[in-house]
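Spelled out, the chains give:
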Amino acid sequence: MSCVGRRTGRMTKEYFAKKLVREFPEYQRAYQDHLRAYGAVLGHVFFCEINPVLSGLLRSNEDRTQIRKYVNFIEDMYANGDDGVKNIVTVTMLEYLGDDESVLRNAFRYFSPALMEASKAVEAGWGRREIRLYRRRGKLLYEW
């Protein structure tokens, strides 16, 4: 099974599952259990493992190094993943983070403009909140 999509050259959910385990060894057991249970990586099922951990980190917003590590991982998924991986980020991760406004507000401090735009679209789609993105003095700002 290839970790790069043949037509797109983008990274697959299998690639990112292996990368998650390399960067966050604490997910090794969950990855092995997942493969035993399903026989393959079910992206939305497997990557939801990140949600409660990252949400908890963002709620307290104290361990910025660990938050940055998780957000960088998600940014990589969104920027370099195939369409299925991007769907995992928006549907499984960004929707979850948007369930708690304080968590989402803290997340925006770490998000790239692309992830902010994706999260804005998710929030509008759910009708939860209208997020306005704008630039001032070259810096991307947001409010809702």
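All of the points below concern the structure found in this document.

Quick notes on the rules
Residues numbered from 1 in each chain as written. Predicted model: local features only at pLDDT ≥ 70, side-chain atom pairs only at ≥ 80, totals over all residues. Heavy atoms only, no water. Helix = DSSP H or I, 4+ residues; strand = E, 2+ residues; numbered from the N terminus. Rg over C-alpha atoms; globule rule 2.2 N^0.38 Å. Buried < 20%, exposed > 50% of the residue type's maximum accessible area, 1.4 Å probe, protein only. Contact = heavy atoms within 4.5 Å. Areas by Shrake-Rupley, 256 points an atom, 1.4 Å probe, with all protein chains shown as cover. Polar contact = N/O pair within 3.5 Å; in protein donor to acceptor, adjacent residues only side chain to side chain. Axes fitted to C-alpha atoms, helices over the stretch in contact; angles between N-to-C directions. Parallel < 35°, antiparallel > 145°, perpendicular 65-115°, else oblique. Nonpolar A, V, L, I, M, F, W, Y, C, P; charged D, E, K, R; others polar.

1. Side note on the overall build of the protein
1) Next: When its secondary structure is counted, the protein shows 8 helices and 2 strands.
2) Next: Listed by position from the N terminus, the elements making up the protein come as α-α-α-α-α-α-α-α-β-β.
3) Next: Expected size for 144 residues packed as a compact globule is a radius of gyration near 15 Å; at 15 Å, the protein falls within 12% of this value.
4) Next: Expressed as a percentage of its 144 residues, the buried residues of the protein come to 44%.
5) Next: Counting only contacts in the protein whose residues sit at least 6 apart along the sequence, the fraction spanning at least 24 positions is 56%.
6) Next: For the protein, the computed accessible surface area is about 7,900 Å², with 49% contributed by carbon and sulfur atoms.

2. Some words on the side chain of Lys-19
1) Next: For Lys-19, the location among the structural elements is in helix H1 (residues 13-23).
2) Next: Side-chain polar atoms of Lys-19 contact the side chain of Asp-76, separated by 2.3 Å.
3) Next: If we ignore the near neighbours within four places in the chain, the residues touching Lys-19 are Phe-73 and Asp-76.

3. Structural notes on the packing of helix H4 (residues 50-60) against helix H7 (residues 101-108)
1) Next: As a packed pair, H4 and H7 sit with axes 8 Å apart at the nearest point and diverge in direction by 85 degrees. Our classification of the angle between H4 and H7 gives roughly perpendicular. Along the contact surface, H4 presents Ser-55, Leu-58 and Arg-59, while H7 presents Val-103, Asn-106 and Ala-107.
2) Next: The residue inventory of the contact of H4 with H7, partitioned by class, reads 3 nonpolar, 2 polar and 1 charged.

Bear in mind that shape data such as this cannot, by itself, settle questions of function.
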